[in-house]
Amino acid sequence: MHRVSKLPVSLRTALLLIVPVAVGLLAACTPDNNQSTFGTAGPVASDQADLFIFIFWIAVVVFILVEGAVIYASIRYRRRSKSDKLPYQTHGNDKLEITWTIIPVLILIAIAIPTLTDIWEQQNGAPTDRGEVLSVEAIGHQWWFEFRYPDHEVITANELHIPVNRPVGFKLESQDVIHSFWVPKIAGKVDMVPLNDNYLWMMADEVGEYYGQCAEFCGIAHAHMRFRVIVHTEEDFNAWVAGMHTASDPPAAGSAEASGKTLFAGNCSSCHTTNSTAPGSYAQEISSQQARWNGWVSDIENSGIVSAPNLTHFGTRSTLASGIKDLNQESLVEWITDPSSIKIGTRMQDHAAIYKTADGKAKLTADEISDIAKYLLSLKPGSGTTDQTMGASIGGDVDAVELFTTNCAACHSTGDDKIVGPGLAGIGDQAGNRVDGLSADEYLEQSLREPDAYIVDGFTPGLMPNWEKLGDDSIDALVTYLKTMK
Ligand code: CUA
């Protein structure tokens, strides 16, 4: 017999390397690890874990018996002398063959019964007898998760909020490639496949914060495509929903947040919505997200827009960049400055106009980036007294330039440049000649109230929001302002 010290050097080195790596990998399975399937917090995950443990112990018993028999036979019947005499040769043994056919059949039946029961319970839709089912649509994007609550008309991203002890029924979709939706401690994983909706339900039985992870390789940032599940008491969940319908208070005039708001409107708002609190904004965001996708997919190389996380009440979140970093002023500044320093491959950096620089870093000063970060962190449910439409006038004078900067400048330059929509230089002269029978005033007003009525060649329909919500005074002011662009 070899002793360890007699093993070849390469084998010893291999063992020295493999053992600690294996121990390290196994340590990730401890129940208190954030992505362990052993420390379960819901009936779906615990049924799955119980099934795994049951099959595991059967496998352990089979392993010990089979390996034991192999080791016993190879020692007991080993070649003892240098004689060439063959052992007694045999063929066929009915008793043995029947036994080792029946035993596996019994084992498979024992495994099949709980497996089929669990599959039936878990693939049959959210159970209505365990509480009122909450419906959520989860959508995979490269590389982040969008969550829509159709019954509550709430949209958010990367942090999923659910109530404790209530079944949640998910419709799983993908906008681009195949992703997989997985919350290890609460439920198993199911793929998110483009053009083919899948379904999964889960239920959390402990309040807390849980990790989610995309579990299907989906491109360069796959490992960084995470999310959080925040499990609330029923009361806190209802408060969260109410908060998502309460506008943020506007920043004080002259504050860093106010400057950040203007900068955000001019540089970020064509892809990121920050104000999905008002009635109607849910449907608006769904059509905007679709339009961003259409815009991107129609010109993957040069598109100035991409599907992007909704940032409504972003300041209430605890994580950044789909759950990979704690959210604070410092990390947010780092993210806005150079997203790939945190998460390589972001579409934002590939497409947004502010990153069209030699080094790929944002074309903004450190102060400007800091202001945008402060503004985003200030986005929280407000006192509830603010008018919910962005830049809308509530009596008093309407500042058309401010309206334009806040609502239009992210997509329209005042020069000839195409950002997302056409550049507006000369629109004052051309507006009257665009559509037969419409005066300049009528054409501009129609563009604001029914953006898809007339689309300039080469631009994507369905992208521009309907600005009716700004109110008549603001629309009149914008029309007058646009006519000054000669
Ligand atoms: Cu999405 Cu991996």
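These figures come from a predicted structure and were not determined experimentally.

## Considering the nonpolar core
- Core analysis: the largest hydrophobic core is formed by 39 residues, its most contacted members being Phe-170, Phe-181 and Met-202.
- Counting residues per element, this core draws most heavily on helix 4 (residues 234-244), which supplies four residues.
- Setting aside anything within four residues of it in sequence, one finds Phe-170 in contact with Val-136, Ala-138, Leu-160, Phe-181, Asn-198, Tyr-199, Leu-200 and Met-202.
- Grouped together as the second largest cluster of nonpolar side chains are 25 residues, Leu-311, Leu-320, Leu-327 and Ala-362 included.

## So, the sheet that holds strand 6 (residues 179-183)
- On the basis of which strands lie adjacent, the open sheet formed by five strands has the order 4-10-9-6-7 and mixed pairing. The open sheet has two free edges, formed respectively by strand 4 (159-163) and strand 7 (187-192), since each of these has just one partner strand. In this sheet, neighbouring strand axes are inclined to one another by 20° on average, regardless of whether the strands run parallel or antiparallel.
- In terms of strand pairing, strand 6 meets strand 9 (residues 208-214) through two bridges, oriented antiparallel. Bridged to Phe-181 within strand 9 is Cys-214.
- Its contacts with the sheet put helix 4 on strand 4 and strand 10 (226-232), and the angle it makes with strand 4 is roughly 130°.

## Side note on the packing of helix 7 (residues 329-337) against helix 9 (residues 366-377)
- Closest axis-to-axis distance for the helix 7/helix 9 pair is 9 Å, and the angle between their directions is 125°. The orientation of helix 7 relative to helix 9 falls into the category oblique. In the crossing of helix 7 with helix 9, the sense of the turn from one axis to the other is right-handed. For the pair helix 7 and helix 9, contact is made by Gln-329, Leu-332, Val-333, Ile-336 and Thr-337 and by Ile-369, Ser-370, Ile-372, Ala-373, Lys-374, Leu-376 and Leu-377, respectively.
- Of the residues belonging to the contact of helix 7 with helix 9, the class tally is eight nonpolar, three polar and one charged.

## Details of the pairing of strand 5 (residues 168-174)
- Across the seven residues that make up strand 5, a large majority, six, are buried.
- Bridge count between strand 1 (residues 134-141) and strand 5: seven bridges; the pairing is parallel. Within strand 5, the residue paired with Val-136 across the bridge is Phe-170.
- Relative to strand 8 (residues 198-202), strand 5 is paired through five bridges, and the arrangement is antiparallel. Counterpart to Leu-172 in the pairing with strand 8 is Asn-198.

## What about the confidence of the model for the protein?
- When the pLDDT values of the protein are averaged, the result is 88; 95% of them are 70 or greater.
- Of all helices and strands in the protein, the one with the weakest mean pLDDT is helix 10 (residues 400-407) (74), whereas strand 4 scores best (97).
- Here residues 390-395 is a poorly scored stretch, pLDDT under 50, and it has 13 contacts once near neighbours within four places are set aside; other chains count.

## Overview of the packing of aromatic side chains
- Enumeration according to the criterion identifies 15 aromatic pairs in this entry.
- Both rings, one in Phe-145 and one in Phe-147, keep their centres 6.3 Å apart while their planes meet at 5°; by these two values the pair is stacked.
- For Phe-145, a relative accessible area of 0% gives the class buried.
- Positioned over the ring face of Trp-182 is Lys-189, at 4.5 Å from the centre of the ring.
- Stacked on the ring of Tyr-211, the Lys or Arg Arg-228 has its end atom at 3.8 Å from the ring centre.

About the criteria used
- Residues numbered from 1 in each chain as written.
- Predicted model: local features only at pLDDT ≥ 70, side-chain atom pairs only at ≥ 80, totals over all residues.
- Heavy atoms only, no water.
- Core = buried A, V, L, I, M, F, W, Y, C linked by side-chain atoms within 4.5 Å.
- Buried < 20%, exposed > 50% of the residue type's maximum accessible area, 1.4 Å probe, protein only.
- Helix = DSSP H or I, 4+ residues; strand = E, 2+ residues; numbered from the N terminus.
- Contact = heavy atoms within 4.5 Å.
- Pairing = 2+ DSSP bridges.
- Axes fitted to C-alpha atoms, helices over the stretch in contact; angles between N-to-C directions.
- Parallel < 35°, antiparallel > 145°, perpendicular 65-115°, else oblique.
- Left-handed = near helix turned anticlockwise from the far one by under 90°.
- Nonpolar A, V, L, I, M, F, W, Y, C, P; charged D, E, K, R; others polar.
- pLDDT = per-residue confidence, 0-100.
- Phe/Tyr/Trp six-rings, centres within 6.5 Å; stacked < 30°, edge-to-face > 60°.
- Lys NZ or Arg CZ within 6 Å of the ring centre and 35° of its normal.

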